[in-house]
Structures are given as structure tokens and as C-alpha cells.
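Topology and contacts: notes
Spelled out from the first residue to the last, the chains are:
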Amino acid sequence: MKERPSNVDCLSGERKGERTYDKQRDLIRLAIDGDLGFIHELSSEAFSIFGDYREVIRLWFSNPEVITVVYVHNGQNPLGFGLVSVITGEILAIAVAPKYQRRGIGSALLNYIEFLATQRGLSIILLHTAKENRGAQLFFQEAGFQVVGTHKGYYPKGQTALIMSKGIT
Ligand SMILES: CC(C)(COP(=O)(O)OP(=O)(O)OC[C@H]1O[C@@H](n2cnc3c(N)ncnc32)[C@H](O)[C@@H]1OP(=O)(O)O)[C@@H](O)C(=O)NCCC(=O)NCCS
């Protein structure tokens, strides 16, 4: 079983010598209702090219089978979030505020999601990501995911998704 990445110590992608803010008081925690505004705002920024996800995110957020986690900087500023179904092991969404990308925050969220999935006895996690979203594919590949299929017209606006999965035991 993986060690619980209880705080920023679980960060794996920190840029050496390029710390632009102090991560000492950062943490990943389960989302609360007050995070929904941030999640809506960031998901609309990140995912609106694929469709209107406002209602979908709200439904996922209130689904007891879905866990939402938030990366919080300095005890108060949310910078990223992830949603995972702990029944199917599907990562439904993961995003980091554009200004804070490439600092290991996405990896920290992913590590935490993997930990939650392992805790629930899942052995595989999977996700859909747009075929054109090369940055996300590289991110997931770097984290050990492999493309296992495609899903044409998966997104509301018609884009094709790649299905990616990773064994976590
Ligand atoms: C995908 C996403 C969550 C990654 O978050 P992040 O905090 O930037 O990721 P990390 O800093 O932990 O990246 C870890 C490694 O993944 C790879 N990686 C991440 N983003 C990358 C990109 N845009 N291009 C190439 N490689 C990338 C790199 O190897 C990176 O390590 P490095 O920065 O030392 O080179 C973020 O880019 C994002 O929010 N994108 C918009 C939403 C989205 O597309 N979500 C995924 C589909 S649900």
C-alpha cells in the first residue's frame, strides 16, 4: 500500500531551483461545498472547448461515489482539483490553474487520487482525454498511463477521446 501523501511532501514534480512560491503550507484535501465555485471556474476555463460541463461537474460533485480533491496553497488558495469515481476508478476530471501548471501540482493530485483508489481496493484507474490534448497525454504518460483505446465523439462538442489506464497495485 502506498504511503498516504498527506501534504505537499507528496509532490513529485517540483522544479529544482525554480520555486516561485512557498509550498510549505500547501495541502491536498477533500473538497467542501465552498470549493464548487473554484471548480466551476477552472473547469470552464479548461474544458469549455469540449462542452458545457457546469451541470455535469455539479452532478459528479454531489455523487457519493465520486471523490473530489482540491490542492490548496497556503491554507486558502485552491490551485487545482481532481474528481475520481471510487467505484469504476475513472478519473473524471483533473485540472490545475494555468498560471500554476508545470510545478508538480497535477502530479500531486494524481498521486493522491491513486492513493484513494488503492485504499478502496481498485487495481486499475482510467480516464478519457481529448486526442488533441497533447499536454494532458504527456502528463498522464509521464505518470505511467498507457493509451488503451479511443472513443469517437466522446465529448459534447464532438471531439474524440483517448482512453488511458494504469495499474495501481
Ligand atoms: C494536465 C494538467 C492537470 C497537468 O498539471 P500540472 O500541474 O501542469 O502537471 P505537473 O507539473 O505535475 O507535470 C508533471 C509532468 O507531466 C508532464 N507534463 C505536464 N504537462 C505537460 C505539457 N503541457 N506538455 C508536456 N508535458 C507535460 C511533464 O513531464 C511534467 O514534468 P516537468 O514539468 O518536470 O517536465 C494541467 O496541464 C491541466 O490542468 N490541463 C488542463 C486540464 C486538462 O487538460 N486536464 C486533463 C484532462 S481531464
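Refer to the structure presented above.
Presented here is a report on the structure given in the accompanying data block.

Conventions used here
Residues numbered from 1 in each chain as written. Predicted model: local features only at pLDDT ≥ 70, side-chain atom pairs only at ≥ 80, totals over all residues. Near = placed C-beta within 6 Å. Helix = DSSP H or I, 4+ residues; strand = E, 2+ residues; numbered from the N terminus. Nonpolar A, V, L, I, M, F, W, Y, C, P; charged D, E, K, R; others polar. Pairing = 2+ DSSP bridges. Buried ≥ 20, exposed ≤ 12 C-beta atoms within 10 Å, placed from the backbone. Contact = placed C-beta atoms within 7 Å. Axes fitted to C-alpha atoms, helices over the stretch in contact; angles between N-to-C directions.

Before going further, it helps to examine the site of the ligand. Lining the immediate surroundings of the ligand are 20 residues, of which Gln101, Gly106, Ser107, Gly135 and Leu138 lie closest. Elements with a contribution of two residues or more to the shell around the ligand: β4 (90–96), α3 (105–119) and α4 (134–142). With five residues, α4 is the single largest residue contributor to the shell around the ligand. Looking at the shell around the ligand residue by residue, the class counts come to nine nonpolar, eight polar and three charged.

Across eight bridges, the pairing between strand β2 (residues 66–73) and strand β3 (residues 77–85) is antiparallel. When the sheet's bridge partners are listed, threonine 68 is paired in β3 with leucine 83. The turn linking β2 back onto β3 is made up of three residues, and asparagine 74 within it adopts a positive phi angle of 60°. Adjacent in sequence and paired antiparallel, β3 and β4 are bridged by four residues, among which glycine 89 carries a positive phi angle near 75°.

Glancing now at the environment of threonine 129. Within the fold, threonine 129 resides in strand β5 (residues 124–130). Threonine 129 gets classed as buried once you count the C-beta atoms within 10 Å, which come to 21. When the C-alpha atoms of threonine 129 and histidine 151 are compared, they prove to be 9.7 Å apart, with 22 residues separating the residues in sequence. The contacts of threonine 129, once residues within four sequence positions are left out, are Ala136, Gln137, Phe140, Ala161, Leu162 and Met164.

Quick look at the sheet that holds strand β1 (residues 27–30) now. Taken in spatial order, the seven strands of this open sheet run β1-β2-β3-β4-β5-β7-β6, and their pairing is mixed. The sheet is open, and its two edges are formed by β1 and β6 (146–151), each paired on a single side. The average undirected angle you get between the axes of adjacent strands in this sheet is 30°. Where β3 lies against β4, five bridges are found, and the strand directions are antiparallel. Opposite phenylalanine 81, over in β4, you have alanine 95 as the bridge partner. The strands touched by α4 are β5 and β7 (161–167); relative to β5, the strand with the most contacts, the crossing angle is about 160°.

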